[in-house]
Amino acid sequence: MTAVRTPTLAAAKLVFQRDLTLAWRRWDEVAQPLIFYVVVTTMFPLATTPDLSALRVIGGGVVWVAALLASLLALEALFRADVEDGTTEQWVLSGQPLGYLLLAKVAAHWVLTGLPLVIMSPIVGTGLGLPTSVWGVLMLSLLLGTGTLSILGGIGAALTVGVRRGSVLLSLLVLPLAMPLLIFGSRAVAMQMDGDSPVGALQLLAAIFFMALSLGPIAMSAAIRISVEN
Amino acid sequence: MSWTWFHKLASPPHAYRILGTIAPWFGWASLGLMLLATWWGLVKAPADYQQGDGFRILYVHAPSAWMSMFTYVVMAVAAGVGLIWRIKLAHAAAAACAPIGASFTFLALATGSIWGKPMWGTWWVWDARLTSELLLLFLYLGYMALRASFDDPQRADRASAVLALVGVINVPIIHFSVKWWTTLHQAASVTKFDKPSIQLAMLIPLFIMIAGFQLYFGWAVSRRLRGEILRRERNATWLKDAA
Amino acid sequence: MTFDGAVFEAREINAWRGDRHILRDVSFSVRPGEFLKVTGPNGVGKTTLLRVICGLLPAETGELWWRGKSVRGRRDEFNFELGHLGHLNSLKGDLTARENLKFLAGLRTTLTAETIDATLDRVGILSRGDLPARSLSAGQKRRLALARLLLADAALWILDEPVTNLDTAGIQLVEDLIVEHVQQGGLAIAAAHQRLLDDAPCLRRLELEP
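So, here is what we can say about the structure in this document. Here, residues in each chain are numbered from 1, in the same order as that chain's written sequence. Naming scheme: in the order in which they are written, chains are lettered from A and ligands are numbered from 1. Local features in a predicted model are, by the rule used here, given only for residues with pLDDT of at least 70; side-chain atom pairs are given and counted only at 80 or more, and totals for whole chains, interfaces and linings are based on all residues. Think of the side-chain values as coming from all heavy atoms in the structure, minus any hydrogens and water.

## Observations regarding the packing of aromatic side chains
- The aromatic pairing rule takes the rings of Phe, Tyr and Trp, using the six-membered ring of Trp, and pairs them if the centres are within 6.5 Å, calling planes under 30 degrees apart stacked, those over 60 edge-to-face and the rest tilted. Summed over the entire model, instances satisfying the criterion amount to 15 aromatic pairs over all chains.
- When the ring of Phe 104 of chain B is compared with that of Tyr 216 of chain B, the centres are 6.2 Å apart and the planes differ by 85°; the resulting orientation is edge-to-face. With Phe 104 of chain B in helix H4 (residues 88-120) and Tyr 216 of chain B in helix H7 (residues 200-232), the pair connects residues that are 112 residues apart, well separated along the chain.
- Here the term buried applies to any residue with accessible area under 20% of the maximum for its type, exposed to any over 50%, and partly exposed to those in between, with areas from a 1.4 Å probe on protein chains only. Assessed through its relative accessible area of 5%, Phe 104 of chain B is described here as buried.
- Joined through ring pairs, the aromatic side chains of Phe 104, Phe 213, Tyr 216 and Trp 219 of chain B make up one cluster.
- Both a distance and an angle decide whether a charge sits over a ring: NZ of Lys or CZ of Arg must be within 6 Å of the ring centre and within 35 degrees of the ring normal. Sitting over the face of the ring of Phe 80 of chain C, Arg 5 of chain A holds its NZ or CZ atom 4.0 Å from the ring centroid.
- Residue placement shows Arg 11 of chain C over the ring face of Trp 65 of chain C; its charged tip is 4.0 Å from the ring centre. Going along the chain from the N terminus, every DSSP run of H or I of four or more residues is numbered as a helix, and every run of E of two or more is numbered as a strand.

## Observations concerning empty space enclosed by the protein
- Lining residues are those with an atom within 4 Å of a point, where the points come from a 1 Å grid over the protein atoms alone and group into cavities, where a 1.4 Å probe fits but cannot get out, or pockets, open sets with protein on both sides within 12 Å along at least five of seven lines. Grid points are joined across faces, edges and corners, and a volume is the space filled by probe spheres set on the points. Tallied over the full model, the rule gives 5 cavities of 30 Å³ or more.
- Computed from the structure, the largest cavity encloses a volume of approximately 90 Å³.
- If you trace the largest cavity, you find it lined by Gln 90 and Ser 94 of chain A together with Leu 82, Gly 83, His 84, Leu 104, Ala 105, Leu 107, Arg 108, Arg 148, Leu 149 and Ala 152 of chain C.
- Those elements that place two or more of their residues in the lining of the largest cavity are strand S6 (82-85) and helix H5 (138-151) of chain C.
- In terms of residue count, S6 of chain C provides more of the lining of the largest cavity than any other element does, 3 residues in total.
- Note on residue classes: Ala, Val, Leu, Ile, Met, Phe, Trp, Tyr, Cys and Pro are nonpolar, Asp, Glu, Lys and Arg are charged, and everything else, Gly too, is polar. Of the residues belonging to the lining of the largest cavity, the class tally is 6 nonpolar, 4 polar and 2 charged.

## Looking at the interface of chain A and chain C
- Working rule for contacts: check all heavy atoms of both residues, and any pair within 4.5 Å makes them a contact. Chain A puts 34 residues into the contact, and the matching count from chain C is 33 residues.
- Buried area between chain A and chain C, both sides added, is near 3,100 Å², and the carbon and sulfur share of it is 53%.
- Note on definitions: salt bridges are taken to be side-chain nitrogens of Lys or Arg within 4 Å of carboxyl oxygens of Asp or Glu. Taken together, chain A and chain C are joined by 5 salt bridges.
- Salt-bridge contacts for Lys 92 of chain C lead to Asp 82 of chain A; the nearest nitrogen and oxygen are separated by 2.4 Å.
- Whenever a nitrogen or oxygen atom comes within 3.5 Å of another N or O atom, the pair is scored as a polar contact, on the condition that within protein one atom can donate a hydrogen and the other can accept it, and that pairs from neighbouring residues in sequence are kept only if both atoms are in side chains. Summed over the shared surface of chain A and chain C, the result is 19 residue pairs in polar contact (both at pLDDT 80 or more).
- No other element matches the 7 residues that helix H1 (residues 8-24) of chain A contributes to the side of chain A that touches chain C.
- Taken together, the residues that form the side of chain A that touches chain C break down as 15 nonpolar, 10 polar and 9 charged. For any pair of parts, buried area is found by adding up, for both, the accessible area (1.4 Å probe) each one loses once the two are put together.

Okay, here's the thing in structure tokens:
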């Protein structure tokens, strides 16, 4: 038997592909966070005022908060099925660096939840009075923000796998860590709207994203091993 | 290299004894310094010409805020040591620190709020330091909630250690982002809790109080850690022999 | 894959589960061509031992040696030569049998359609290849898990109750696969209650006591 060892990148691609395949067969689960996103952003005008010029002032912030909450909703179950059926154990035993496999999984998750939120954001933003001039900044900031949140949420989900009422705990753990994202992201949108340059805020968002990208897989690996070791 | 002294320290029976011996020293010294600082701050230090006597709560507010961050770092370092070198006592130390740190954070928030009311008429203001302390409180609560959610103590130790390490990397980022956030609005004033123009006479009671709080931390951690050791080692032979 | 020098040794393994000292100074070695059957009453630590070998549980003291070197610090390298079949089958119900193999066994070794088909045939479920795994019977799922193990191309097999849910033909299949594996020079360690190759010449026993 002369079997060829799978290169790590190919293994990561398989994980990515697998999760997309699985999601395709359960697309209704993928749609839920998106619907939640639209519902939550609808709540704000109903709770305050229909006046678009008033909504515009906090519009960027509302879109951001809704995006973070919707992303979190989808994250709780990220590792649950794989840990329960033993797949994660096999990943740990595969001889491949676990961090890459987990990052591939988080990437697939982002494509399925974060990316749709980003694409929908101009639409929900319009409902909150945001002008078209901020669409670019809104989408770019959410792109970086939801990406970072997927990684942070991945760490939280890995830590809380199997815990009763894990979704509430996950939110409690991840939201404080996500506050900087919220600050920089919504501020970037507001700056763009006021005519100031949002570049500084966007750069800070990007810096956080790249830091999460490099350190996140290490923390996720450690967290998954802890969940699987028992 | 001889690590025996280190291993001795990390062994529960030794640690239990050593902590029991040093705790009272920490306790009395801490009490002494805190009383001294209180008297000095309330009586001897001059009133601030801008804020009158109200600012004196700074002598509790600033040390609490400092200790809340100091404790988080100690907690994260202990958790990291426990995670990397698999030393159970380090995990116990991290667990002991958490409620102490959370209490300091809460004290900082409460004294900040008490300071604000007579000065500016509101019980809360979104000042950089208070907001940072609030987020730090959430981090502590999340850590304690995560610990409590596991039945398996090993998993509780190790999972919360990962969380503490992720948190400690985030703390500077959170601080910076909150500071950045408060400086953006021209309408909001600058940090309301600026220390009044610093005179040496004001700094001395501040440092004495910080020293007193540090010693209090030493006392509180020693006592809690002994309790943690008792709880974790309840089935061990050394404990049954000693009882 | 060379089996020369592929010796596995456990030295003085001690492991705790919570407060219970489950494994006490467990030591043994397995050589190429040998099948070690771990036996003992329920709860004695058979699964714990296998999980320690796989690195899924830490051993407080003791070491594992593979090919004459300690495993410590070389986990991923060792794991690549290790094939594990646990209690769970590690299958995704929504994926077909073929897809399950492609996406899991494929993480270790590059698979072709021919190899997958040949393996499915060997374990007797080729006709089920394109059915979703959730529609397979319990025995067929176990066979699919065996297929994954075969595709792992591992020198050391770690099997935890391999014949669960299998009928007589299935048990015979497992025995045949183990014999084929060790005859090629591979090693196998299994925890089992029932008869499993009890009369085979390659069998050695490790009885764990409480």
